[in-house]
Amino acid sequence: MKSDMMSWACPHKVIVMLSLLSFSLFVSTIALSVKSTTHRVEGNILSTDISKKTKTKEDHVINYRLSRDVRPLNYTLILWPDLERRCFKGQVTIRMRVLRPTTNIEVHVKNLSINYVDFNDDANRFVQINTTNLIPKREVYEVQFGHNEISEGVYKLTLNFTGKLDTGIVGFYQSKLRGGLSMVASKFQPTYARQAFPCFDEPDFKATYDITLVKPIDYVALSNMNEISKSVDKSTKTETVTFATSVPMSTYLACFVVCNFDYKETLINTSGIGKDFTLRSFAQKQQTHKIDFAQDIGKRATEFYIKYYEVPYPLPKLDMIAIPDYVSGATEHWGLITYRETSFLVDEATTSSQNKISVANTIAHELAHMWFGNLVTMKWWDEVWLNEGFASYMQVKSLNAIEPSWTMLDQFLTKTLHSVLVTDAKLSSHPIVQKVETPDQITAIFDSISYNKGASILRMLEGFIGEENFRKGVSDYLKKYKYGNTVTQELLSSLEPYFKTLYPHLSLKYIMDTWTRQMGYPLITVRPAANNIYILTQSRFLLDPAATYDDDSEFHYRWYVPITYSTSKEKRDDILWFADTSDSVEISLSDDEKLLKINNNQMGYYRVNYPLDMWSQIIEQLKVKSNMLTISDRAHLLDDAFALSDAGILPYDIALSLTQYLPVEKDFVPWETASAKFSHLSKKLINTPAYENLKKYVQHLISGLYTEQSWEKTNLDVIQGLLRTRVLTLAASSGLPDAERRVRNMFLNWLNSHGTNTIIEPDLRSLIYYYGMKHASAEDWEKLWALYLQEEDVQEQTKLRSALSAPEDVAILKRYLNLAWDEKNIRSQDYLNVLQLISTNPSGNGLVWDEVRNRWNTLVDRFTLNSRYLGNLIPAITSGFNTEKQLQEMISFFEENSEAGAGASARQRALENVRNNIKWTSSHQSTVASWLENYVKAIKSI
Ligand SMILES: *[C@@H]1O[C@H](CO)[C@@H](O)[C@H](O)[C@H]1NC(C)=O
Ligand SMILES: *[C@@H]1O[C@H](CO)[C@@H](O)[C@H](O)[C@H]1NC(C)=O
Ligand SMILES: *[C@@H]1O[C@H](CO)[C@@H](O)[C@H](O)[C@H]1NC(C)=O
Ligand SMILES: *[C@@H]1O[C@H](CO)[C@@H](O)[C@H](O)[C@H]1NC(C)=O
Ligand SMILES: *[C@@H]1O[C@H](CO)[C@@H](O)[C@H](O)[C@H]1NC(C)=O
Ligand SMILES: [Zn+2]
């Protein structure tokens, strides 16, 4: 638009003047009842209706939702970010349909100053407004018509507004680049679109968008759709870019970027399903050599999804961009996916296989959303698992199709399933489908239950319905509900006909409700009976055996369980259904057959316990590498055995004995599982004499595999490379003398040549930097810090930040903590992660806990209570606490700072975890300690 926009205010001083001006104008408009087509108000200052705020005292009686009787149709939006003054102004016209006569209209607004409002009917006839109110608690701006109720029909609300770009990294915000430059970007999911423009900020208010961005001439403007026109204004040195009308979409998917980046492009071959289109990947100019990997994965994953869904990609273009300041890993903005740099940029010369796999996972996840989530969206955030669980599962399926050698289906266990089985075995868990209302509750539900459990139960569903049936049901669902909003039931209805072809007498909806509408999961207990029959029973699995709970579930904490099993003869993948209402089910085997293991590949979301002699038999099978037990089966057994022991259901000796098979284990995923178990144990034993024995035991287990690995540059395939890194890391962390010596030498060589002379292989960098720094002097640390400050590669920066937290010297960690707070050293997006890294180091744990408590108010100022990342910091840094004193400190801290915001449920998880840790120490520590002691004695005596 033209330069008259310059006349409206952006910086604060002018706003004050303008609001005074508008105040008088507003008053005179009302007083004189002047029939003008426009009038001005200053919502913030003038007419906040206090009575509205005080009328509703309790949070839970406040209705946070907007009326369903007014629905947006189209947004015409112009935004003008001012990079120098770090603010923006904008104008939005919302065309809306009023379905029932009403006296007021509400839109979401947060942290915007509204300086102009105007309301018209569809024929552009002026409609008189009585008053406007800001209701900050509900983040709502209300337009009141007083006695003059407006009738049904189509109307247009126009608002001019200003906002700031420097108040955080959600909404519409500025991101700093190297060399003093900056860019602007947006992140709206879940409730931050209202910080960029007034809107109906709920996912089922889909509407079309006509977006215009004003930008400096030498910058690029990007949005969801393709550019259709632009015009330069020489006097302001700006260019106005208008984008094509969007398809109907939710507010949280709108996206605006202004930057001076470069891009690479490639054509997406749709194989005739829709028109071919261009995929572009953007990054800062000096980093464009780091986008090839993302482009390649992006192209192949997109082509995979088009064929998988059998639905054309709905937009004419697709862009992806790496943004230096980014609050999450990435966001699926439709047609313009935004990424944190570490989730996108890959320098082939410096990036590890782990980094690449993680980048590929994020890209595959976001691309899955372009259909599932964006084209068909959950009705309300209660069902966010539909979006997130699905994309989290599809990322694995698509990568398995395009990069089968990465074995992502097996890695699903260690990356997704095992951790959530721990979270979900606590009373502080919640059902997948969970009622949420406030912005804090909405952001908090983007958690491992929605993502990981959601993905896990979809994997289970696919397991019993079959891959092709699953695909067809999903495709039907997308076609049927495109551009619409759905609830869980509608996905299940689309899958139901395919399910019925296999199980005509069962209901998929009923089965899945037992998994989505109550928290937790079952433990299946096996008991042998006469005639080679095994009897299976189910009960809720909880890590705390003494936990008590109300029977508040409609399914009474019982589940409809798909049972599969392997015997000494064969793998049985046909499903034995264990109904929630049955007391037990039976497996009947032929005389010459033995039951080996239940839950093939851990496809089912449950754990299994066997009698002790069966566990012994399982251990024997593992030791002789039974080919009836797959990679996933082995990882499953390790994971279950430790969980059952932690819960006091299985003697700890059994879980430990199971690990004795590891010397014959040559696959990555079981080792990854075992490594998590050892790290779990080492956290518990850290300050006890048993800790040294645990390290010796691990050294013993890996010694054979260790000698097969090389510290030199190798040419292994990806998964063998991951195994090698895992084994060498275990060697270093367990203090294997040869590994310690090599790490220290390689590290010091590298450090003393200022990170240039010797080249450490990308796959070994994390490990060598970290363990190389373990016994670092203050001088070494300063050298590494200097290297960190100069480093430009984000993957490398991440590894260095981690290494900087490794030293055992508390004084060094203190210095790190102080330097980290300065955003010139550590970006705000990485700060909470640095706190977690330092707290993982036993020398830094207490330090971080003190720091977080002392700085709490400043942390809240920087991140806000609405940050789920701040909320999740608490369980992360207290995860190892295991004393009554620490528990009391937490309780007092929560009492003193009772406003938890989006961290409320995180605090509950943290408390329950610490209580469990305290119990663990009294129940299991001595058993584990004496088992390890005996074992280590036995090794020595050989
Ligand atoms: C406005 O939105 C409606 C529904 O989303 C759509 O059908 C219509 O084409 C849009 N009109 C314009 C002018 O964009
Ligand atoms: C943003 O608005 C909220 C209330 O909706 C208020 O508490 C907060 O202080 C505001 N922040 C800024 C930076 O204006
Ligand atoms: C405007 O609203 C006030 C209360 O907010 C009311 O007293 C007044 O009658 C209204 N005027 C009209 C024209 O509706
Ligand atoms: C509102 O914004 C538009 C720019 O889109 C501008 O033309 C108009 O003058 C503004 N009105 C006021 C009162 O600031
Ligand atoms: C697109 O893919 C199909 C197979 O899926 C192939 O036959 C065709 O040659 C490809 N087209 C281009 C331009 O690469
Ligand atoms: Zn997602």
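These figures come from a predicted structure and were not determined experimentally.

What counts and what doesn't
Residues numbered from 1 in each chain as written. Chains lettered and ligands numbered in written order. Predicted model: local features only at pLDDT ≥ 70, side-chain atom pairs only at ≥ 80, totals over all residues. Heavy atoms only, no water. 1 Å grid on protein atoms, 1.4 Å probe; cavity = no way out; pocket = protein on both sides within 12 Å on 5 of 7 lines; lining within 4 Å. Points joined across faces, edges and corners; volume = space filled by probe spheres on them. Nonpolar A, V, L, I, M, F, W, Y, C, P; charged D, E, K, R; others polar. Axes fitted to C-alpha atoms, helices over the stretch in contact; angles between N-to-C directions. Helix = DSSP H or I, 4+ residues; strand = E, 2+ residues; numbered from the N terminus. Parallel < 35°, antiparallel > 145°, perpendicular 65-115°, else oblique. Contact = heavy atoms within 4.5 Å. Core = buried A, V, L, I, M, F, W, Y, C linked by side-chain atoms within 4.5 Å. Buried < 20%, exposed > 50% of the residue type's maximum accessible area, 1.4 Å probe, protein only. Pairing = 2+ DSSP bridges. Polar contact = N/O pair within 3.5 Å; in protein donor to acceptor, adjacent residues only side chain to side chain. pLDDT = per-residue confidence, 0-100. Phe/Tyr/Trp six-rings, centres within 6.5 Å; stacked < 30°, edge-to-face > 60°. Lys NZ or Arg CZ within 6 Å of the ring centre and 35° of its normal. Near = heavy atom within 4 Å. Areas by Shrake-Rupley, 256 points an atom, 1.4 Å probe, with all protein chains shown as cover. Left-handed = near helix turned anticlockwise from the far one by under 90°. Salt bridge = Lys/Arg side-chain N within 4 Å of Asp/Glu carboxyl O. Disulfide = S-S within 2.5 Å.

S.K.: Is there a simple way to explain empty space enclosed by the protein in this structure?
M.R.: The rolling of a water-molecule-sized probe over the atoms marks out the regions of remaining empty space. In this structure the tally under the stated criterion is three cavities of 30 Å³ or more. In this model, the largest cavity occupies a volume close to 70 Å³. Contributing to the lining of the largest cavity are Y64, R65, H108, R138, T191, R194, E202, W380, E437, T438, P439 and I442. Partitioned by chemical class, the residues of the lining of the largest cavity number four nonpolar, three polar and five charged.

S.K.: How do you make sense of the packing of helix α4 (residues 292-309) against helix α10 (residues 467-481) when you look at a structure like this?
M.R.: With their axes 8 Å apart at the nearest point, α4 and α10 run at an angle of 90° to one another. Judged by the inter-axis angle, α4 sits roughly perpendicular to α10. Of α10, the residues touching α4 (which contributes K307, Y308 and Y309) are F470, R471, V474, S475, L478 and K479. Taken together, the residues of the contact of α4 with α10 sort by class into five nonpolar, one polar and three charged.

S.K.: Would you explain the nonpolar core in this entry?
M.R.: Note that soluble globular proteins tend to have their nonpolar side chains buried in a common cluster. By size, the foremost hydrophobic cluster in this structure holds 285 residues, and its most contacted members are F197, Y309, F464 and I598. Examining the composition of this core, we find that 10 residues originate from one element, helix α6 (residues 384-402), more than from any other. In contact with I598, other than residues within four places in its own chain, are V526, L536, I563, T564, Y565, I587, Y606, V608, Y610 and H636. Counting 16 residues, the second largest nonpolar core, distinct from the first, contains Y173, A185, V257 and F261.

S.K.: Help me understand the sheet that holds strand β24 (residues 561-567) in this model?
M.R.: Strand pairing in a sheet relies on backbone hydrogen bonds, with the paired strands running either antiparallel or parallel. On the basis of which strands lie adjacent, the open sheet formed by three strands has the order β25-β24-β27 and antiparallel pairing. In the strand order of this sheet, the two ends are held by β25 (571-578) and β27 (595-598), each with one partner. The mean angle between the axes of side-by-side strands here comes to 35°, regardless of whether they run parallel or antiparallel. The pairing of β24 with β27 spans three bridges and is antiparallel. Paired with Y565 across the bridge in β27 is I598.

S.K.: Would you mind going over the pairing of β25 with me for this structure?
M.R.: Sheet topology places β24 next to β25; five bridges connect them, and they run antiparallel. In the strand pairing of β25, P562 is matched with W577.

S.K.: Please explain the sheet that holds strand β12 (residues 227-233) as it appears in this structure.
M.R.: One open sheet accounts for seven strands, arranged β4-β7-β2-β1-β10-β13-β12; its pairing is mixed. The sheet terminates laterally at β4 (113-121) and β12, the two strands that pair on one side only. When the angles between neighbouring strand axes are averaged without regard to direction, this sheet yields 15°. Note that β4 and strand β7 (residues 153-164) share eight bridges and pair antiparallel. Following the sheet pairing, S113 is matched in β7 by T162.

S.K.: What should I look at first to understand helix α25 (residues 842-854) in this one?
M.R.: An α-helical turn contains 3.6 residues, so any two residues separated by three or four positions project in the same direction. G844, N845, L847, V848, W849, E851 and V852 are the residues of α25 that are buried. If you follow the buried residues of α25, they end up packed against α23 (810-821), α24 (828-840), α26 (856-863), α27 (868-877) and α28 (884-896). In this structure N841 caps α25, since a side-chain oxygen of it lies 2.9 Å from the backbone nitrogen of S843.

S.K.: Help me understand the confidence of the model for the protein chain in this model?
M.R.: A low pLDDT means the predicted coordinates there should not be read in detail. For the protein chain, the mean per-residue pLDDT works out to 92, and 93% of the residues sit at or above 70. Here residues 1-9 is a poorly scored stretch, pLDDT under 50, and it has 24 contacts once near neighbours within four places are set aside; other chains count. A low-confidence stretch, residues 11-58 (pLDDT under 50), is modelled with 73 contacts involving residues beyond four sequence positions or located in other chains.

S.K.: Sorry, what's going on with the packing of aromatic side chains here?
M.R.: Two descriptors summarise a pair of aromatic rings, namely the distance from one centre to the other and the angle between the planes of the rings. In this structure the tally under the stated criterion is 64 aromatic pairs. Arranged with centres 4.9 Å apart and planes meeting at 40°, the rings of Y263 and F282 form a pair that is tilted. With Y263 in strand β15 (residues 262-268) and F282 in strand β16 (residues 277-283), this residue pair connects regions lying 19 residues apart in the sequence. Between the aromatic rings of F499 and W577, the centroid separation amounts to 6.3 Å while the plane-to-plane angle is 75°, which identifies the pairing as edge-to-face. You can see F499 sitting in helix α11 (residues 488-502) and its partner W577 sitting in strand β25, a full 78 residues away along the chain. Each member of the pair F499 and W577 is classed as buried. The ring of Y263 has R280 lying over it, and the distance from NZ or CZ to the ring centre is 5.0 Å.

S.K.: Hey, could you run me through the site of ligand 1 in this one?
M.R.: Around ligand 1, the surrounding shell consists of L73, N74, R95, T208 and T245. Here an oxygen atom of ligand 1 sits 2.5 Å away from a polar atom, N or O, in the side chain of N74. Across the complex, the protein chains shield 46% of the 360 Å² of accessible surface that ligand 1 would expose by itself.

S.K.: Got a minute to help me understand the packing of helix α13 (residues 612-623) against helix α14 (residues 631-646) in this structure?
M.R.: Pairs of packed helices are described in terms of their axes, by the angle between the two and the distance that separates them. Where α13 contacts α14, the two axes come as close as 12 Å, and the packing angle between them is 145°. Here α13 runs over α14; the crossing is left-handed. Contacts from W615, I618 and L622 of α13 reach α14 at R634, L637, A641 and L644. Residue composition of the contact of α13 with α14, grouped by class: six nonpolar, no polar and one charged.

S.K.: Even after reading the chapter, I still don't get the environment of R741, so can you show me in this structure?
M.R.: For R741, the location among the structural elements is in helix α19 (residues 737-752). When the C-alpha positions of R741 and G772 are compared, they lie 9.3 Å apart, and in sequence the two are 31 residues distant.

S.K.: For this particular structure, what's the right way to read helix α22 (residues 794-804)?
M.R.: Within α22, 10 of the 11 residues are buried, leaving the element largely enclosed by the surrounding structure. Residues of α22 that are buried include every one of V794, Q795, E796, Q797, K799, L800, R801, S802, A803 and L804, and no others. Check the buried side of α22 and you find it contacts α5 (353-369), α19, α20 (762-773), α21 (778-790), α23 and α24. Measuring from the backbone nitrogen of Q795 back to the side-chain oxygen at the start of α22 gives 3.1 Å, which picks out D793 as the cap.

S.K.: What is the right way to look at the environment of S493 in this model?
M.R.: With respect to the helices and strands, S493 occurs in helix α11. Taking the relative accessible area as the measure of exposure, S493 reaches 34% and is therefore partly exposed. When the C-alpha atoms of S493 and K509 are compared, they prove to be 7.4 Å apart, with 16 residues separating the residues in sequence.

S.K.: Would you mind showing me how to read the pattern of salt bridges here?
M.R.: Pairs can form between side chains of opposite charge whenever their charged atoms are close. Taken as a whole and judged by the stated rule, the model has 59 salt bridges. Of the charged contacts in the structure, one is a salt bridge between R194 and D201, with a shortest N-O distance of 2.8 Å. The class for R194 is buried, based on a relative accessible area of 4%. Three or more residues joined by partner-sharing salt bridges are found here, namely R65, R68, E202 and D204.

S.K.: Got a minute to help me understand the state of the cysteines in this structure?
M.R.: Simply put, the disulfide is a covalent bond whose two ends are the sulfur atoms of two cysteines. Tallied over the full model, the rule gives zero disulfides. No disulfide involves C199; its nearest neighbouring cysteine sulfur is the one of C255, lying 14 Å away. Take C259: it sits in no disulfide, and the sulfur closest to it among the cysteines is that of C255, at 11 Å. A relative accessible area of 0% means that C259 is categorised as buried.

S.K.: Explanation requested: unusual backbone geometry in the structure shown.
M.R.: Backbone geometry follows two general trends: most residues other than glycine have a negative phi, and most peptide bonds adopt the trans configuration. Geometrically, the link from Q189 to P190 is a cis peptide bond, its omega value of 0° lying close to zero. Mapped onto the elements of the fold, P190 is located in the loop between β9 (182-187) and β10 (208-216). For Y483, which is not a glycine, the phi torsion comes out positive at approximately 65°. Topologically, Y483 is positioned in the loop between α10 and β21 (485-486). In this structure, N531 is a non-glycine residue whose phi angle is positive, near 60°.

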